[in-house]
Number of protein chains: 2
Amino acid sequence: MTAEIISVGTELLLGNVANTDARDISERLSELGINVYYHTVVGDNPERLTKAVEIAKDRADVIITTGGLGPTCDDLTKQVLAQAFGLRLYFDEKIAEVIRGYFEKSLHAVKMTENNLQQAYLPEGCTVFNNDWGTAPGCAFKAAGKHVLMLPGPPRECNAMFNACAEPYLRALSDDMIASHSIRVFGRGESSVEQKLRDIMNELTNPTLAPYAKEGEVLLRVTAKAKTAKEAEAMMEPVVNKVKAIIGDFVYGVDVGSLEETVFSLMCEKGLKLAVAESCTGGLFSKRVTDIPGASSMFLGGMTVYSTESKTKLPGVERALIEKEGAVSRAVAVAMAAGIREFLGADIGIGITGFAGPGGGNGLGAGSVFTALCDSGGSFVRELHLGSGRNRVRTMAVNHGLDMLRRRLTGLSTDFRPDM
Amino acid sequence: MTAEIISVGTELLLGNVANTDARDISERLSELGINVYYHTVVGDNPERLTKAVEIAKDRADVIITTGGLGPTCDDLTKQVLAQAFGLRLYFDEKIAEVIRGYFEKSLHAVKMTENNLQQAYLPEGCTVFNNDWGTAPGCAFKAAGKHVLMLPGPPRECNAMFNACAEPYLRALSDDMIASHSIRVFGRGESSVEQKLRDIMNELTNPTLAPYAKEGEVLLRVTAKAKTAKEAEAMMEPVVNKVKAIIGDFVYGVDVGSLEETVFSLMCEKGLKLAVAESCTGGLFSKRVTDIPGASSMFLGGMTVYSTESKTKLPGVERALIEKEGAVSRAVAVAMAAGIREFLGADIGIGITGFAGPGGGNGLGAGSVFTALCDSGGSFVRELHLGSGRNRVRTMAVNHGLDMLRRRLTGLSTDFRPDM
């Protein structure tokens, strides 16, 4: 079964945004064993979209569209696809109710305008994909021997609806089942991981093993196609074990959400409370921990100490220490971790200080960061040189803070051994 | 003149990377007044690439390919394009010398393998695009009334060669230029903005006016095509003014980066210092302000007060107040704003408390948020009901905090008037 992704939106053709929807859906389709042969991007133009659909009908079994489902007069994807496959649109009263309800719930923020109800028109006979993340519903239908699935354009909605609606729909199309495991790696780069696993990857056909570079980490996906889940599991298990043996304790989890979710689970399991003092990461550590619903069960809070004055509000972080050692130093990182732990009465304190760049870095250089952890057993610190790129440096600094926590909570050394 | 971008690479179809080359080239083409009608992504497969080229020949005046110019046996773009346009490849001795020289200069003494010379084969009669950033040269030719340009896939090489080679080549083909302005709107949804501007949008052809939904806000782009920049400017000015008159003070800037950058500039201009106390947004406000390089010139820091205990560390935020009013209340939001202002000695304090959801919200409901601002002139607070979706609620809560600042700093009321 082959698929084509048609992304609809003039903003893509103007270069306002990259087509991350096509990337994300492609990654998921590859997990489902569906080959993607083409991506097409077309503007909010019914004639050109019609032509793109005609071409895709000839060369793909599954057409997945993203974008053009919204309330504006530019949003024509449903109309064009329905027409291309000879289907009428009907007004779905249930969906209209959902849309009205969406606006009623956010009564004080936005009033529903009538054009929003345009979103309730759907191709007759389709499977409706409810949108719990926005107002535009998606849908799927089979016509002329092809499966057509339509998803909204905003990446958050597109991804959530792929998982909730499109994936189950696509899974049901095949007798074979596809199962996969995600092995998450922090502390080794993609090329290093790939080099170590290249021979295994090349010799595997089912299951397959493929690396993906994620933000500051590597994801390895093992995917098996089989008649039953049990069979697939039996095929994947030795591969997962082999990868773990080769990559070692840089593997932080299998089928886990993220480093922060891994830390969250470990902290909750042990009933421990966390606090963080951040300088260069400016709240990003705290933000990532509190992305997790229920974070308050293990996270007390933190301070963004973006000035010397604010650093000295932490117990034990003295102006004299900052002046002697420098705001970006091993000693200040440790003092921040110990200080926030004491200030908020946490079991574990994290301190992060560094030069996110661009510019700054007196002597140490932009990208120099110290991450520290303090608990009842002592203080630990990493000195890092994370290169350039403000966002990347900040992301990696948070990852290292989380990795220290993960290692400390699982009895490993918090030291970081660079790849030589 | 219309263009199509064909990006060649199986890694794009597997979802390993997003097609940033197409985004970057599209943005540049729109500046050059060349309309991009399609992007196509195809794998390293000569049959499917040939079909994609046949389609593009029928619907575009300019075809720009990215990727597939390298030394491996997968790299077939030049061969396929030359064949599709009936051109032979010739061996370019000068390019071969450049490639040999690249390896000789290479510090790590990488030995050149013979397959690298494959890159010296080019379509006869083409304009060669030298690659000073890697080994694979690009090229351009005109055949069958179409212009074909080939650029390498790695984004750094692709962008650099677009600027150095493709742009001068394309500029020479046209005498029109394109200019645009971005009008940023917060506090009104895309459909509401679109409804107000629909008549204007429909009657405009040059310049054009188009709305884009961004995360929690709306961007309106005015684009004009003219002989000179001055002429384009004169065409856009009345449209920008008309939009400002209709949307009013929900327009927070023209050609500005974001709400946080607008606030950053205003704070720096006035020499004021900011501090924030966050509950439900968990550090996101602080993170977004410190995304801006140089944020330390106006941002002192903040606290993420994710537990009652941590809230009471702020001066004036008493346990009794929290127990009486509730942690999510008008009174606690104001006390947090005043408390962090005093604690860090800031000119303006921001306090945010709410239920990000899912779950929680005793009585008030998930999505209920209070944002407060405190400065020497008093305290101001917004009560918001932001609906569902943890990330969305958090993003919107931060946007409202920034919007209060923007309004306060420009002499507007900080009240939020919902769209009724």
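What you see is a predicted model; the values in this text were computed from it and never measured.

1. Looking at the overall build of chain A
Consideration 1: Looking only at helices and strands, one finds 14 helices and 17 strands in chain A.
Consideration 2: Split into buried and exposed, the 420 residues of chain A put 56% on the buried side.
Consideration 3: Taking the intrachain contacts of chain A between residues at least 6 apart in sequence as the baseline, contacts between residues at least 24 apart amount to 66%.
Consideration 4: For chain A, the accessible surface area stands at approximately 16300 Å², while carbon and sulfur atoms represent 50% of it.
Consideration 5: Positive and negative side-chain charges in chain A, numbering 45 and 51 respectively, have mean positions lying 3 Å apart.

2. Quick notes on the packing of aromatic side chains
Consideration 1: Across all of its chains, the model carries nine aromatic pairs over all chains by this definition.
Consideration 2: The ring of B:Y37 has A:R48 lying over it, and the distance from NZ or CZ to the ring centre is 3.4 Å.
Consideration 3: A cation sits over an aromatic face here: A:R59 above A:Y38, 3.6 Å from the ring centre.

3. A short note on the interface of chain A and chain B
Consideration 1: Counting residues at the interface gives 73 residues for chain A and 72 residues for chain B.
Consideration 2: Buried area between chain A and chain B, summed over both chains or domains, comes out near 6200 Å², and the portion from carbon and sulfur atoms is 56%.
Consideration 3: The tally of links between chain A and chain B comes to two salt bridges.
Consideration 4: Counting across the chain A and chain B interface gives 34 residue pairs in polar contact (both at pLDDT 80 or more).
Consideration 5: Taken together, the residues of the side of chain A that touches chain B break down into 32 nonpolar, 26 polar and 15 charged.
Consideration 6: When strand β2 (residues 35-42) of chain A meets strand β2 (residues 35-42) of chain B, the two strands line up antiparallel, connected through five bridges. Its bridge partner lying in β2(B), A:Y38 is registered against B:V42.

4. Structural notes on unusual backbone geometry
Consideration 1: Geometrically, the link from A:G357 to A:P358 is a cis peptide bond, its omega value of -10° lying close to zero.
Consideration 2: In this model, A:D255 sits at a positive phi of 60°, which is unusual for a non-glycine residue.

5. What to know about the pattern of salt bridges
Consideration 1: Under the definition given, this model contains 43 salt bridges over all chains.
Consideration 2: For A:D291, the salt bridge identified is with B:R394, shortest N-O distance 2.8 Å. With one member in each of two chains, A:D291 in the loop between α10 (284-290) and β14 (299-305) and B:R394 in helix α14 (residues 390-409) form a pair that bridges those chains.
Consideration 3: What makes A:D291 partly exposed here is its relative accessible area of 22%.

6. What to know about the nonpolar core
Consideration 1: B:L197, B:L274, B:F285 and B:L405 are the most contacted members of the largest nonpolar core, which has 56 residues in total.
Consideration 2: When near neighbours in sequence (up to four residues on either side) are disregarded, B:L405 contacts B:V263, B:M267, B:L274, B:F285, B:I348, B:I350 and B:L373.
Consideration 3: Membership of the second largest hydrophobic core comes to 34 residues, among which are A:I292, A:L373, A:M396 and B:Y306.

7. Some points on the sheet that holds strand β3 (residues 62-66) of chain A
Consideration 1: Strand order in the open sheet made by the 12 strands is β6(A)-β7(A)-β8(A)-β3(A)-β1(A)-β2(A)-β2(B)-β1(B)-β3(B)-β8(B)-β7(B)-β6(B), with mixed pairing throughout. Only two strands of the sheet have a single neighbouring strand rather than two, namely β6 (127-129) of chain A together with β6 (127-129) of chain B. Each adjacent strand pair in this sheet contributes to an overall mean axis angle of 15°, direction not counted.
Consideration 2: The pairing of strand β1 (residues 2-8) of chain B with strand β3 (residues 62-66) of chain B spans five bridges and is parallel. Each bridged residue has a counterpart across the sheet, and for B:A3 the counterpart in β3(B) is B:V62.
Consideration 3: Where helix α3 (residues 46-59) of chain B meets the sheet, it contacts β2 of chain A together with β1, β2, β3 and β8 (146-151) of chain B, and its direction lies at approximately 175° from that of β1(B).
Consideration 4: Lying over the sheet, helix α6 (residues 155-171) of chain B contacts β3, β6, β7 (138-143) and β8 of chain B, oriented at roughly 160° with respect to β8(B).

8. Focus: the sheet that holds strand β11 (residues 217-226) of chain A
Strands belonging to one sheet form pairs held by backbone hydrogen bonds; the direction of such a pair is parallel or antiparallel.
Residues and elements named next belong to chain A.
Consideration 1: Reading across the sheet, the four strands line up as β10-β11-β9-β12 and stay open at both edges, with antiparallel pairing between neighbours. With one partner strand each, in any of the chains shown, β10 (208-214) and β12 (251-254) form the two edges of the open sheet. Looking at each pair of strands side by side, their axes are set apart by 25° on average, direction ignored.
Consideration 2: As paired elements, β10 and β11 share seven bridges and run antiparallel to each other. Note that in β11 the partner of A210 across the bridge is R221.

Basis of the calculations
- Residues numbered from 1 in each chain as written.
- Chains lettered and ligands numbered in written order.
- Predicted model: local features only at pLDDT ≥ 70, side-chain atom pairs only at ≥ 80, totals over all residues.
- Heavy atoms only, no water.
- Helix = DSSP H or I, 4+ residues; strand = E, 2+ residues; numbered from the N terminus.
- Buried < 20%, exposed > 50% of the residue type's maximum accessible area, 1.4 Å probe, protein only.
- Contact = heavy atoms within 4.5 Å.
- Areas by Shrake-Rupley, 256 points an atom, 1.4 Å probe, with all protein chains shown as cover.
- Lys, Arg positive; Asp, Glu negative; His and termini not counted.
- Charge placed at Lys NZ, Arg CZ, Asp CG, Glu CD.
- Phe/Tyr/Trp six-rings, centres within 6.5 Å; stacked < 30°, edge-to-face > 60°.
- Lys NZ or Arg CZ within 6 Å of the ring centre and 35° of its normal.
- Buried area = accessible area lost by both parts, 1.4 Å probe.
- Salt bridge = Lys/Arg side-chain N within 4 Å of Asp/Glu carboxyl O.
- Polar contact = N/O pair within 3.5 Å; in protein donor to acceptor, adjacent residues only side chain to side chain.
- Nonpolar A, V, L, I, M, F, W, Y, C, P; charged D, E, K, R; others polar.
- Pairing = 2+ DSSP bridges.
- Core = buried A, V, L, I, M, F, W, Y, C linked by side-chain atoms within 4.5 Å.
- Axes fitted to C-alpha atoms, helices over the stretch in contact; angles between N-to-C directions.

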